[in-house]
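# Breakdown of the fold
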Amino acid sequence: KNQVEQSPQSLIILEGKNCTLQCNYTVSPFSNLRWYKQDTGRGPVSLTIMTFSENTKSNGRYTATLDADTKQSSLHITASQLSDSASYICVVSGKAGTALIFGKGTTLSVSS
Amino acid sequence: GAVVSQHPSWVICKSGTSVKIECRSLDFQATTMFWYRQFPKQSLMLMATSNEGSKATYEQGVEKDKFLINHASLTLSTLTVTSAHPEDSSFYICSASGLADTYEQYFGPGTRLTVT
């Protein structure tokens, strides 16, 4: 069964600290993996998208890694800001044109 | 670029009435549009996929006669919730894809539907 699991479910950190979110998937065949940020009451916004051959991709303070062999990905947030408080969703595409498989997300709260 | 809008952003309707939600790709032609529903603290659930000019493909368990989807142009798709009930209250999000050489789906900002 194609699944995407994320951990932790929720996370609270102090402003300025770093954090790492995890994503494990069992989707096969695999096309690409995306990380989205979703603010409360808003649609998801793409942070990174990685294909099978890519191991890491950065977008500002966000760095995603992908290990296609172990089917694991992580999203590292550096020097967190209050505006980083949101849900971070890992999404996997089985192959181009097919439905995306969504993880349940990690809710990050950054406090001052 | 690649902006997707939704209208309205928030709507309240009475039980038994119908509500139409619009999804527009503002700066690209969307050959495929997707409609999702999201309940509080849950992930997005795909409802249907629509290709311009074709009938939508609905996910298992989604009533096509209740959730009418029209994708008449490359920049507009509509979702009509017919005979809405309180259990239809949810956050509805569309996404669009169609740019060349990309796997990306661009999400709209969502529409909050409350049925009283």
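None of the values given here were measured: they were computed from a predicted structure.

### A word on the overall build of chain B
- Along the backbone of chain B there are zero helices and eleven strands.
- Start at the N end of chain B and walk to the C end: the helices and strands fall as β-β-β-β-β-β-β-β-β-β-β.
- Sorting the 116 residues of chain B into buried and exposed places 48% on the buried side.
- Sequence separation of 24 or more characterises 55% of the internal contacts of chain B that already satisfy a separation of 6 or more.
- A total of about 5800 Å² of accessible surface is found on chain B, and carbon and sulfur atoms cover 50% of it.
- Put simply, chain B has 9 plus and 10 minus side-chain charges, and the middle of one group is 9 Å from the middle of the other.

### Quick word on the sheet that holds strand S3 (residues 19-25) of chain B
Residues and elements named next belong to chain B.
- Pairing within the open sheet is antiparallel, and its four strands lie in the order S1-S3-S8-S7. Bordering the open sheet on either side are strand S1 (4-7) and strand S7 (67-73), each of which pairs with just one other strand. In this sheet, neighbouring strand axes are inclined to one another by 15° on average, regardless of whether the strands run parallel or antiparallel.
- With five bridges joining them, S7 and strand S8 (residues 76-81) adopt antiparallel strand pairing. Looking at the pairing, Asn 70 lines up with Thr 78 of S8.

### Here's the deal with the state of the cysteines
- Enumeration according to the criterion identifies two disulfides over all chains in this entry.
- There is a disulfide in this structure between A:Cys23 and A:Cys90, and the S-S distance comes to 2.0 Å. Note on the A:Cys23 and A:Cys90 pair: the S-S dihedral is about -70°, so by sign convention the disulfide is left-handed. In this pair, A:Cys23 is assigned in strand S3 (residues 19-25) and A:Cys90 in strand S9 (residues 86-93), connecting sequence segments 67 residues apart.
- The class of A:Cys23 is buried, set by a relative accessible area of 0%.
- Across a sulfur-sulfur distance of 2.0 Å, B:Cys23 and B:Cys94 are joined as a disulfide pair. Taking the torsion about the S-S bond as the criterion, the B:Cys23 to B:Cys94 disulfide, at about 80°, is right-handed. Taken as a pair, B:Cys23 in strand S3 and B:Cys94 in strand S9 (residues 90-97) lie far apart in primary sequence, 71 residues in all.
- Of the residues examined, B:Cys23 reaches a relative accessible area of 0% and is grouped as buried.
- Just so you know, A:Cys19 is unpaired, no disulfide at all, and the nearest cysteine sulfur is the one on A:Cys90, 15 Å from it.

### As for the side chain of A:Ser31
- Of note, A:Ser31 is situated in the loop between S3 and strand S4 (32-38).
- A distance of 3.2 Å separates a polar atom in the side chain of A:Ser31 from a polar atom in the side chain of A:Asn32.

### Quick word on the confidence of the model for chain A
- Confidence along chain A averages 93 in pLDDT terms, with 97% of residues attaining 70 or more.
- When mean pLDDT is compared element by element in chain A, strand S8 (residues 72-77) of chain A scores highest at 98, while strand S10 (residues 100-102) of chain A scores lowest at 89.

### What to know about the interface of chain A and chain B
- Between chain A and chain B, the contact holds 19 residues from the first and 14 residues from the second.
- For the pair chain A and chain B, the summed buried area comes to about 1400 Å², and 59% of that belongs to carbon and sulfur atoms.
- Elements with a minimum of two residues in the side of chain A that touches chain B: S4, strand S5 (45-51) and S10 of chain A.
- For the side of chain A that touches chain B, the element with the most residues is S4(A), which contributes four residues.
- Considered class by class, the residues forming the side of chain A that touches chain B number eight nonpolar, eight polar and three charged.

### Focus on the sheet that holds strand S6 (residues 56-59) of chain A
All names here are of chain A.
- The strand order S1-S3-S8-S7-S6 describes an open sheet built from five strands, whose pairing is antiparallel. Each end of this open sheet is capped by a strand with a single partner; those strands are strand S1 (4-7) and S6. Averaged over all adjacent pairs, the angle separating strand axes in this sheet is 15°, with direction ignored.
- As paired strands, S6 and strand S7 (residues 62-67) are joined by four bridges and run antiparallel to one another. Following the sheet pairing, Thr 56 is matched in S7 by Thr 65.

Scoring rules and cut-offs
- Residues numbered from 1 in each chain as written.
- Chains lettered and ligands numbered in written order.
- Predicted model: local features only at pLDDT ≥ 70, side-chain atom pairs only at ≥ 80, totals over all residues.
- Heavy atoms only, no water.
- Helix = DSSP H or I, 4+ residues; strand = E, 2+ residues; numbered from the N terminus.
- Buried < 20%, exposed > 50% of the residue type's maximum accessible area, 1.4 Å probe, protein only.
- Contact = heavy atoms within 4.5 Å.
- Areas by Shrake-Rupley, 256 points an atom, 1.4 Å probe, with all protein chains shown as cover.
- Lys, Arg positive; Asp, Glu negative; His and termini not counted.
- Charge placed at Lys NZ, Arg CZ, Asp CG, Glu CD.
- Pairing = 2+ DSSP bridges.
- Axes fitted to C-alpha atoms, helices over the stretch in contact; angles between N-to-C directions.
- Disulfide = S-S within 2.5 Å.
- Polar contact = N/O pair within 3.5 Å; in protein donor to acceptor, adjacent residues only side chain to side chain.
- pLDDT = per-residue confidence, 0-100.
- Buried area = accessible area lost by both parts, 1.4 Å probe.
- Nonpolar A, V, L, I, M, F, W, Y, C, P; charged D, E, K, R; others polar.

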